[in-house]
Amino acid sequence: MKPILYGAAYSVYVRIARLALIEKAVDHERVEIDIFADGGPPADYLSRHPFARLPAFQHGDVAVYETGAITRYVEEAFPGPRLMPEDPARRARVNQLVSVLDNYLYRPLVWDIHVARDAAVKSGNAADETAIAAAVAKVRHCLGVLESGAGDWLAGDALTLADLYAAPMIAYGVMTDEGRALLQERPRLAAWWQRMSARPSLAATRYPTD
Ligand SMILES: N[C@@H](CCC(=O)N[C@@H](CS)C(=O)NCC(=O)O)C(=O)O
């Protein structure tokens, strides 16, 4: 049974799940759900995700929501390259990084910098520079933490779920002047981004596409 991922291509979290599926070469379908559509998502989407977030996932009679649960299910239910190390200490490191990205990078980088800049351009209103400066400080701290333990990949010498979580967030970040400058302050992270963004899975999930 082909798994189905529900969610929009613009979503950071949908992209993380897509990266996991693609990196493991899992044949799947994606059903476009726009959570921010006027009038909200389709009414039946709430039966897939009771908190109305993206993404949701179905594999036969297995229904999963929350990206952490979806990606770990994909890791365990399908063959293909491992996204989680076997060693408990290394697994803990990956899980810690994922939690850091979820809790300390996503909001300031994607919303408080990228979305804030984009909204200002689209509305013609000035951006709240004080709020953006506060977000820049948070992202700077977080990138320092990410770089301090990184090897070729964020959790060491192999691609893991931590890289797949970080990439869609950094992709939005580097669309802004602040994000590009912050990455350049961290040469090893900038080199990681070069490696990461060259992967076919990133090209296959690129957003926007033009
Ligand atoms: N904890 C959720 C977060 C998912 C999430 O925030 N998705 C965003 C799209 S990238 C969303 O659905 N936002 C809708 C909203 O905030 O109302 C997960 O890990 O899947």
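> Help me out: how do you make sense of the environment of D112 in this one?
Mapped onto the fold, D112 is located in helix α3 (residues 88-123). Among residues more than four places away in sequence, those in contact with D112 are R107, I132 and A135.

> What exactly am I supposed to notice about the side chain of E178 here?
With respect to the helices, strands and loops of the structure, E178 is situated in helix α6 (residues 177-184). A residue is classified by how much of its surface remains accessible, and E178, at 17% relative accessible area, is buried. Beyond its immediate sequence surroundings of up to four residues, E178 is in contact with I113, R117, I132 and V136.

> What's the story with the sheet that holds strand β4 (residues 62-65) in this structure? I'm lost.
Two orientations exist for strands paired in a sheet by backbone hydrogen bonds: parallel and antiparallel. Strand order in the open sheet formed by four strands is β2-β1-β3-β4, with mixed pairing between adjacent strands. Two strands in the sheet have a free side with no partner beyond their single neighbour: β2 (29-31) and β4. Put simply, the sheet's adjacent strands are angled 20° from each other on average, direction ignored. Running over the sheet, helix α1 (residues 12-23) touches β1 (4-6), β2 and β3 (56-59) and is turned about 165° from β1. Each of β1, β3 and β4 touches helix α2 (residues 67-77); the most contacted strand, β4, lies at about 135° to it.

> I tried to follow the pattern of salt bridges on my own but got confused; where do I start?
If the charged atoms of two oppositely charged side chains come close together, the side chains can form a pair. Considering all chains together, one arrives at twelve salt bridges under this definition. Between D27 and K2 there is a salt bridge, and its shortest N-O distance comes to 3.7 Å. Within this pair, whereas D27 is found in the loop between α1 and β2, its partner K2 is found in the segment before β1, the two being separated by 25 residues in sequence. Taking the relative accessible area as the measure of exposure, D27 reaches 52% and is therefore exposed. Among the charged side chains, a salt-bridge network with shared partners connects R117, E129 and E178.

> Please explain the nonpolar core as it appears in this structure.
Side chains of nonpolar character tend, in soluble globular proteins, to be buried together. Ranked by internal contacts, the top residues of the largest apolar core, which has 67 residues, are L105, M169, W192, W193 and M196. The dominant element in this core, judged by the number of residues it contributes, is α3, at eleven residues. Two domains each donate at least three residues to this core, and these are domain 1 (4-77) and domain 2 (88-204).

> Looking at this model, I keep getting lost on unusual backbone geometry. Mind explaining?
Phi is mostly negative for residues that are not glycine, and the peptide bonds are mostly trans. With an omega of 0°, the peptide bond between L54 and P55 qualifies as cis. For P55, the location among the structural elements is in the loop between β2 and β3. The residue after Y207, namely P208, is reached through a cis peptide bond having omega -10°. Note on placement: P208 falls in the segment after α8 (200-204).

Conventions we followed
Residues numbered from 1 in each chain as written. Predicted model: local features only at pLDDT ≥ 70, side-chain atom pairs only at ≥ 80, totals over all residues. Heavy atoms only, no water. Helix = DSSP H or I, 4+ residues; strand = E, 2+ residues; numbered from the N terminus. Contact = heavy atoms within 4.5 Å. Buried < 20%, exposed > 50% of the residue type's maximum accessible area, 1.4 Å probe, protein only. Pairing = 2+ DSSP bridges. Axes fitted to C-alpha atoms, helices over the stretch in contact; angles between N-to-C directions. Salt bridge = Lys/Arg side-chain N within 4 Å of Asp/Glu carboxyl O. Core = buried A, V, L, I, M, F, W, Y, C linked by side-chain atoms within 4.5 Å. Domains from an automatic or database assignment.

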